[in-house]
Amino acid sequence: MAVKNFVVGLFDDEAVLFPAVKKVRTAGYKLHDVYTPFPVHGLDHAMGLRETSLHTAGFIYGITGTTTALTFMSWVFNVDWPLNIGGKPHFPLPAFIPITFELTVLFAAVGMVMTFCYLCQLMPGVKKHIFHPRQTDDKFVMVIELTEKSNAEEIKRFLNEAGAHDINEQRAEAGWWYGRYDKNDEDIYARPANA
Amino acid sequence: MKDQFVVPARLKKTSFVLMGVGLLTLLIGLIAFQGENATRFWAGLLQNSSFFLLITLASTFFIAATTLAHGGWQIAFRRVPEAISMAVPALAAILFIIVMIIVFGGKEHIYHWVNAHHVAEDKILTWKSAFLNKGFYTTATVLTLGLWIFFTLKLRNMSIEEDGWDLKPETGRKLLWRSTVWCGGFIVIYALSVGSTTPWVWLMSIDAHWFSTMYSWYTFASSWVSGLSLIALFVIYLKKHGYLTYVNEEHLHDLGKFIFAFSIFWTYLWFSQYMLIWYANMPEETEYFQPRVWGEWRPIFFLNLLINFITPLLFLMKRDTKRNYTSVAFIAVVVIAGHWLDFWQMVGPGTYKHLVFPWYELGLGVGFVGLIIFLVANALTKAPLVPKNHPYLKESIVHHT
């Protein structure tokens, strides 16, 4: 985690935001992130984000659930405590299927939710910098990272031309830290940038 | 933009060759299956005609269900399910002739409840005779076939008529309102027929002593997932020949998701029917699964599950396979073949008992495929491929999953 310098611009409309995102990438600026009040279709493609691997994780969690259910039930009814239930065999596969299915779904669902929270860095007690309070309300917020190669004034001009307003420069922690949103612990920014 | 379909000579030739194979098989069957063996002759016809009628009818259901859900994504290729549903009248007529001969032909090749003496001596059949009798069978068949044809033609005619309207907000609202009303009517009829009575009388009454409340839904799931595959196949064919400009991977992706989801839905119903009977283990219920699970049909029983559940599940799980024309075409063929197999094992063990190589049934199936290609290709030429006045057309063009 590191404190970095950013140039932040606000957009009112996704129709203006989309071309701006494309222009940022062709201009070669480092796009930190775009915050939108609702999911915007196709924005991930425009930003050049790679396809998520969440579904692969889901598949792995799913088959883990399947094997857990099947091995546990077979162990219980064949090795640990064999019982004669209604004259059925000790490995009654049809009777195992509903539980296997449920456990597959449970593992996949819970695992994917947790992986999703991990990937998005969401957790009680985890705090992140908010670039603009209205980024979850009605504004689209584009954040461009300042690097050694880019010039703040130039990016500001660029954002202005692309249709942004309320353009400002911010020094902020790029990652997450332990904290609470009702407590002010912005002393974290006292650290030098890019250190 | 190519908006008007012209049947390529190759497709026409293929459909004629396939129909020729079907007719030839029918003739050979007529000669080969005489006397007692005539059971197989009629069972093959019943299996194929009901299967192919139900999978073309699934297109009408597709139109009705997506319209009621106010779906917009399917409008760019809506003329394809419309054209497939145009095969319903001809297939319904074929099925009607076949079942009427089976019921009124004076033989008990397929349904043993048609014999009045037999019913009188049989307590179960006597008790069921209020339902399983020739009058009810005929009434139910005539009613359902008639209503299916009526609604199918109505939906198609409305859609073509709307091409001539002016594009105005009022006409758009009128279009949506009346198609919602008519589709709602069809859904009710479809639920009461395919979702309830029709599979009971046509197919479940083969095993007249046996019953299953899951049977109709199970048959519906089978026909619906194959119907979706059929729609996907025609969409891919048209796309590959330069038609359906507005259809792209996004629409194919949604069709693929449908095939994936309803393969699992089919398995759910298949298993629900099987598990309850397996658990209760009552002779009058397990009798149905005896030849299928422990008899000669055992390999088919498990092959059914492999083709219709495991294959689509693993194959369509990945996003890329649902977005590739070739791979969706492949799995669509597999699914249709798999559910044809499903219908085969629904009809076969109760009629001609023994597991045989299904050359006759396959031959007839090929004939029906040819007939469907011929009818659908013909229906596709009758109207532009894009319903240009539909209010949701734009939504379909910009569709993004």
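About the thresholds
- Residues numbered from 1 in each chain as written.
- Chains lettered and ligands numbered in written order.
- Predicted model: local features only at pLDDT ≥ 70, side-chain atom pairs only at ≥ 80, totals over all residues.
- Helix = DSSP H or I, 4+ residues; strand = E, 2+ residues; numbered from the N terminus.
- Buried ≥ 20, exposed ≤ 12 C-beta atoms within 10 Å, placed from the backbone.
- Rg over C-alpha atoms; globule rule 2.2 N^0.38 Å.
- Contact = placed C-beta atoms within 7 Å.
- Pairing = 2+ DSSP bridges.
- Axes fitted to C-alpha atoms, helices over the stretch in contact; angles between N-to-C directions.
- pLDDT = per-residue confidence, 0-100.
- Domains from an automatic or database assignment.
- Core = buried A, V, L, I, M, F, W, Y, C linked by C-beta atoms within 7 Å.
- Expected span 1.5 Å × (residues − 1).
- Parallel < 35°, antiparallel > 145°, perpendicular 65-115°, else oblique.
- Nonpolar A, V, L, I, M, F, W, Y, C, P; charged D, E, K, R; others polar.
- UniProt positions renumbered as here; feature names shortened; annotations may be inferred.
- Left-handed = near helix turned anticlockwise from the far one by under 90°.

### Focus: the overall build of chain B
Right, so step 1: When helices and strands are tallied, chain B shows 17 helices and zero strands.
Right, so step 2: In terms of overall dimensions, chain B has C-alpha extents of about 65 × 45 × 40 Å along its principal axes.
Right, so step 3: Burial status across chain B gives 43% buried among its 401 residues.

### Section: the overall build of chain A
Right, so step 1: Regarding its fold elements, chain A presents five helices and six strands.
Right, so step 2: Across chain A, helices and strands are ordered from the amino to the carboxyl terminus as β-α-β-α-α-α-β-β-α-β-β.
Right, so step 3: Taken against the 2.2 N^0.38 rule, which gives 16 Å for 195 residues, the C-alpha radius of gyration of chain A at 25 Å runs more than 25% over that of a compact globule.
Right, so step 4: Counting only C-alpha atoms and orienting by the principal axes, one finds that chain A spans roughly 80 × 35 × 30 Å.
Right, so step 5: For chain A, the proportion of its 195 residues judged to be buried stands at 17%.
Right, so step 6: Taking the contacts inside chain A whose residues are at least 6 apart along the sequence as the reference set, 78% of them involve residues at least 24 apart.

### Digging into the sheet that holds strand 5 (residues 165-173) of chain A
Residues and elements named next belong to chain A.
Right, so step 1: Within the open sheet, the four strands sit side by side as 2-4-1-5. Their pairing is antiparallel. If you trace the sheet from one side to the other, it starts and ends with strand 2 (30-35) and strand 5, each paired once. Each strand axis lies, on average, 25 degrees off the axis of its neighbour in the sheet, ignoring direction.
Right, so step 2: Relative to strand 4 (residues 140-145), strand 2 runs antiparallel, the two being bridged by five bridges. The partner of V34 across the bridge, within strand 4, is M142.
Right, so step 3: Across the sheet, helix 1 (residues 14-27) lies against strand 1 (3-11), strand 2 and strand 4, angled at about 10 degrees from strand 4, the strand it touches most.
Right, so step 4: Against the sheet, helix 5 (residues 152-162) engages strand 1, strand 4 and strand 5, with an angle of about 20 degrees to strand 1.

### Let's talk about the confidence of the model for chain A
Right, so step 1: For chain A, per-residue confidence averages 87 on the pLDDT scale, and 94% of positions sit at 70 or higher.
Right, so step 2: Predicted confidence in chain A is weakest over strand 6 (residues 176-178) of chain A, with a mean pLDDT of 84, and strongest over helix 3 (residues 54-80) of chain A, with 94.

### Examining the domain arrangement of chain A
Right, so step 1: What the domain assignment lists for chain A is domain 1 (3-50 + 126-190) and domain 2 (54-120).
Right, so step 2: Centre-to-centre separation of domain 1 of chain A and domain 2 of chain A, based on C-alpha positions: 43 Å.

### Considerations on the nonpolar core
Right, so step 1: L228, I231, F234, V235, I259 and V376 of chain B are the most contacted members of the largest nonpolar core, which has 107 residues in total.
Right, so step 2: In this structure L228 of chain B touches A58, F62, L255, F258, I259 and F262 of chain B, once residues within four positions along its chain are discounted.
Right, so step 3: Counting residues in each nonpolar core, the second largest holds 23 residues, with L10, F140, V141 and I155 of chain A among its members.

### Examining helix 3 of chain A
Residue and element names in this part refer to chain A.
Right, so step 1: For helix 3, spanning 27 residues, the distance from its first C-alpha to its last is 36 Å, which sits close to the expected 39 Å at 1.5 Å a residue.
Right, so step 2: Of all the residues in helix 3, the buried ones are Y61, G62, G65 and A69.
Right, so step 3: Buried residues along helix 3 sit in contact with helix 4 (93-120).

### Focus on the packing of helix 8 (residues 169-202) of chain B against helix 9 (residues 215-240) of chain B
Residue and element names in this part refer to chain B.
Right, so step 1: Orientation of helix 8 relative to helix 9, taken along the N-to-C sense of each, is 105 degrees, at an axis distance of 7 Å. The pairing of helix 8 with helix 9 is recorded here as roughly perpendicular in orientation. Here V194, G195, S196, P199 and W200 of helix 8 lie close against helix 9, whose contacting residues are Y215, S216, W217, T219, F220 and S223.
Right, so step 2: Of the residues in the contact of helix 8 with helix 9, the class split is six nonpolar, five polar and no charged.

### What to know about the UniProt feature "transmembrane region" (unreviewed entry) in chain A
All names here are of chain A.
Right, so step 1: Annotation from UniProt places "transmembrane region" (unreviewed entry) at residues 57-77 and 97-119.
Right, so step 2: Taken end to end, residues 57-77 has its terminal C-alpha atoms 30 Å apart, with 100% of it in helix and 0% in strand.
Right, so step 3: Secondary structure content for residues 97-119 is 100% helix and 0% strand, and the end C-alpha separation is 32 Å.

### With respect to the interface of chain A and chain B
Right, so step 1: Each partner contributes to the interface: chain A provides six residues, whereas chain B provides seven residues.
Right, so step 2: At three residues, the largest contribution of residues to the side of chain A that touches chain B is made by helix 4 of chain A.
Right, so step 3: Within the side of chain A that touches chain B, the residues separate by chemical class into four nonpolar, two polar and no charged.

### Here's the deal with the packing of helix 2 (residues 38-68) of chain B against helix 8 of chain B
Residue and element names in this part refer to chain B.
Right, so step 1: It is the contact of helix 2 with helix 8, at a shortest axis distance of 9 Å, that shows an interaxial angle of 150 degrees. By the angle between their axes, helix 2 is roughly antiparallel relative to helix 8. At the point where helix 2 passes helix 8, the crossing takes the left-handed sense. Residues S50, L54, T60, F61, I63, A64, T67 and L68 of helix 2 touch helix 8, and the partners they reach there are S179, T180, C183, G184, F186, I187, Y190, V194 and W202.
Right, so step 2: Within the contact of helix 2 with helix 8, the residues separate by chemical class into 11 nonpolar, six polar and no charged.

### So, the pairing of strand 1 of chain A
All names here are of chain A.
Right, so step 1: Bridge count for strand 1 against strand 5 is seven bridges, and the pairing is antiparallel. Note that in strand 5 the partner of V3 across the bridge is E173.
Right, so step 2: Bridge analysis of strand 1 against strand 4 gives six bridges, and the strand direction is antiparallel. Note that in strand 4 the partner of F6 across the bridge is E145.

### Quick look at unusual backbone geometry
Residue and element names in this part refer to chain B.
Right, so step 1: Of note in this structure, N281 is not a glycine but carries a positive phi near 55 degrees.
Right, so step 2: Following the sequence through the fold, N281 ends up in the loop between helix 10 (249-280) and helix 11 (283-286).
Right, so step 3: Assessed through the 11 C-beta atoms surrounding it within 10 Å, N281 is described here as exposed.
Right, so step 4: Its identity is not glycine, yet K353 carries a phi of approximately 60 degrees, on the positive side.
Right, so step 5: In this structure, K353 sits in the loop between helix 15 (325-351) and helix 16 (359-381).
Right, so step 6: Residue classification places K353 among the partly exposed residues on the basis of 14 C-beta atoms within 10 Å.

### Some thoughts on the environment of A69 of chain A
Residues and elements named next belong to chain A.
Right, so step 1: Its location among the elements puts A69 in helix 3.
Right, so step 2: Residues A69 and E173, 104 residues apart in the sequence, show an inter-C-alpha distance of 44 Å.
Right, so step 3: If we ignore the near neighbours within four places in the chain, the residues touching A69 are I99, T100 and L103.

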